[in-house]
Every structure is written in structure tokens, then in C-alpha cells.
Amino acid sequence: MRHPTARDALSLSLYLMRERNRVGIYMVESHLDAPERLETVERYLPQLRSVLADPTQSNYGGTHLEINLDDRANWNAMREWLHHRKIIYQLVIREVENNR
């Protein structure tokens, strides 16, 4: 899913990692080299950390949920978690951009 901003062309990537029983989301700036990509993502990390207060958050702005992906009873919770996180990320990106 793409979420373009005024100054940065960020993408939010949602993923399922079956071998680790994990779903997650992270920010990526795909057309830059790795150091520049990290600099772009770092602009959003303070606000994202403040809003999420999540111990699973990485230095790359990613968070994940450990959940049994093979149990269909978990699929709605997984979908809701990803949807909720996507909205939070979009709001944080918008807020940071508006305050720059």
C-alpha cells in the first residue's frame, strides 16, 4: 500500500510471516539507498514510538503481532490489528508532515 507524503514517498508494507507466526507493518522508502532510506524513516520514529508505545517496534519503524496464523479463529484479530496499525501509521505520517 502506498502512502505518498509531501516530501517523502513512503510505502507502508504489511506482511504475514507464517514461519514465525507473525504479521506486521513497516515503513519503507524504496527508491533511495539504504542509509538515505533509514534517514527518511527516522523522521517519523519519535512520534510513532510515542503513539504506539510498542516493545516490538524496530529501528526501521516496524511493529509486529505474534499470532498463530494457522488458526482461522485468529484471522479476524490479525486483520483488525493490521488495519488499526495502518491507520495509526497514516495518521502519524500526516501529522509529522504537517508539522515540518
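The preceding data block contains the structure.
Bear in mind the structure is a predicted one, so any value in this text is a computation, not a measurement. (Residues numbered from 1 in each chain as written. Predicted model: local features only at pLDDT ≥ 70, side-chain atom pairs only at ≥ 80, totals over all residues. Heavy atoms only, no water.)

Chemist: When you look at the nonpolar core in this model, what are you seeing that I'm missing?
Modeler: One finds Leu12, Met27, Tyr44, Leu48, Tyr89 and Ile93 to be the most contacted residues of the largest nonpolar core, which totals 14 residues. Among the elements of the structure, strand S2 (9-17), strand S3 (22-28), helix H2 (45-52) and helix H3 (75-98) are those that each provide at least two residues to this core. Apart from the residues lying within four places of it in its own chain, the contact partners of Met27 are Leu10, Ser11, Leu12, Val41, Tyr44, Leu45, Leu48, Tyr60, Gly61, Tyr89 and Ile93. If you look at the next biggest cluster of nonpolar residues, it comprises six residues, including Val23, Ile67, Met78 and Trp81. (Core = buried A, V, L, I, M, F, W, Y, C linked by side-chain atoms within 4.5 Å. Buried < 20%, exposed > 50% of the residue type's maximum accessible area, 1.4 Å probe, protein only. Helix = DSSP H or I, 4+ residues; strand = E, 2+ residues; numbered from the N terminus. Contact = heavy atoms within 4.5 Å.)

Chemist: Just to check I follow, could you spell out the packing of aromatic side chains for this structure?
Modeler: We describe a pair of aromatic rings using the distance from one ring centre to the other and the angle between the two ring planes. Summed over all chains, the structure comprises one aromatic pair. Ring plane angle 50° and centroid distance 6.0 Å describe the contact between Tyr15 and Tyr26, whose orientation is recorded as tilted. Remark: Tyr26 occurs in strand S3 and Tyr15 occurs in strand S2; sequence separation between them is 11 residues. Residue classification places Tyr26 among the partly exposed residues on the basis of a relative accessible area of 33%. (Phe/Tyr/Trp six-rings, centres within 6.5 Å; stacked < 30°, edge-to-face > 60°.)

Chemist: Is there a simple way to think about H3 in this case?
Modeler: The α-helix winds at 3.6 residues per turn, so residues separated by three or four positions along the chain end up facing the same way. Compared with an ideal rise of 1.5 Å per residue, which puts 24 residues at 34 Å, H3 spans 35 Å between its outermost C-alpha atoms and is within 8% of the ideal. Restricting attention to buried positions, one finds in H3 the residues Met78, Trp81, Leu82, Arg85, Ile88, Tyr89, Gln90, Val92, Ile93, Val96 and Glu97. (Expected span 1.5 Å × (residues − 1).)

Chemist: What is the right way to look at the side chain of Arg22 in this model?
Modeler: Looking at where Arg22 falls in the secondary structure, it is placed in strand S3. Residue contacts for Arg22: discarding those within four places in its chain leaves Tyr15, Leu16, Met17, His64, Leu65, Glu66, Ile67 and Leu69.

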